[in-house]
Amino acid sequence: MKKTVEELLQCQCWIIDILPSQVPEDSPGQYFSVEKYFLQGNRREEIKQKHINLVLKLNCYRDISIDDETAINPLPEHIADEMKKRHLYIMIGESMILSEPDDTHLTVFNPDSQLLELIRQIASGEGLFVWKPTF
């Protein structure tokens, strides 16, 4: 039986990010200023395109659906358009990727080991990193 979005949000998660690891809370750097910089202008669009590329490449290996839409494997253009404009739950079997249009990261919930390895490989090719948060 498939898990609901609410159930998946309670599962273990991983982050697909532009940074190689979680920034410590007591970091002397300027995380929020740097994040703001990356979210301005073309830089945000470039990051979102990497997210879209990752999801579309993942869809070559796994069936996906979006939110509560009934279509399995929607057209790539539809996936890309939706990822650019709104908060989106991308369902992959018993796993889910949360995409938000104005974030520098994606969140993957409940990935099995094979899916996580596939995501790591694709993310690496896109210049992204996969890490487990420590909260």
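This text goes with the structure placed above it.
The notes below deal with the structure included here. (Residues numbered from 1 in each chain as written. Predicted model: local features only at pLDDT ≥ 70, side-chain atom pairs only at ≥ 80, totals over all residues. Heavy atoms only, no water.)

**Considering the pairing of strand E1 (residues 13-17)**
For E1, the buried fraction is high: five of the five residues fall into the buried class. Relative to strand E5 (residues 105-109), E1 runs antiparallel, the two being bridged by five bridges. Within the sheet, the bridge partner assigned to Ile 15 lies in E5 and is Thr 107. Taken together, the three bridges between E1 and strand E6 (residues 129-131) define a ladder with antiparallel strand orientation. Following the sheet pairing, Asp 17 is matched in E6 by Phe 129. (Buried < 20%, exposed > 50% of the residue type's maximum accessible area, 1.4 Å probe, protein only. Helix = DSSP H or I, 4+ residues; strand = E, 2+ residues; numbered from the N terminus. Pairing = 2+ DSSP bridges.)

**Notes on the packing of aromatic side chains**
According to the stated counting rule, one finds two aromatic pairs in the structure shown. With centroids separated by 5.1 Å and ring planes inclined at 75°, the aromatic side chains of Tyr 31 and Phe 32 adopt a geometry described as edge-to-face. A relative accessible area of 31% places Tyr 31 in the partly exposed class. Where Tyr 37 meets Phe 38, the ring centres are 5.5 Å apart and the plane angle is 80°; that geometry is what we call edge-to-face. In this structure Tyr 37 comes out as partly exposed when scored by relative accessible area, which is 43%. Here Arg 43 stacks its cationic end above the ring of Tyr 37, 3.7 Å away from the centre of that ring. (Phe/Tyr/Trp six-rings, centres within 6.5 Å; stacked < 30°, edge-to-face > 60°. Lys NZ or Arg CZ within 6 Å of the ring centre and 35° of its normal.)

**Considerations on empty space enclosed by the protein**
The probe, sized like a water molecule, is rolled over the atoms to show the empty space still left. One pass over the full model with this rule turns up one cavity of 30 Å³ or more. Per-element accounting of the lining of the largest cavity gives the leading share, four residues, to helix H2 (residues 31-38). Looking at the lining of the largest cavity, its residues break down into five nonpolar, one polar and two charged. (1 Å grid on protein atoms, 1.4 Å probe; cavity = no way out; pocket = protein on both sides within 12 Å on 5 of 7 lines; lining within 4 Å. Points joined across faces, edges and corners; volume = space filled by probe spheres on them. Nonpolar A, V, L, I, M, F, W, Y, C, P; charged D, E, K, R; others polar.)

**A look at the layout of surface pockets**
Each pocket or cavity is described by its volume, and for the largest pocket that value is around 400 Å³. Secondary structure elements with two or more residues in the lining of the largest pocket: E1 and H2.

**A word on the packing of helix H3 (residues 41-58) against helix H4 (residues 76-85)**
Relative to each other, H3 and H4 sit at 140°, their axes nearing to 10 Å. In the packing of H3 onto H4, the handedness of the crossing is right-handed. Of the residues in H4, those in contact with Lys 48, Gln 49, His 51, Ile 52, Val 55 and Leu 56 of H3 are Pro 76, Ile 79, Ala 80, Met 83 and Lys 84. Of the residues that constitute the contact of H3 with H4, the class distribution is seven nonpolar, two polar and two charged. (Axes fitted to C-alpha atoms, helices over the stretch in contact; angles between N-to-C directions. Left-handed = near helix turned anticlockwise from the far one by under 90°. Contact = heavy atoms within 4.5 Å.)

Shape is all these values report; function is a separate question.
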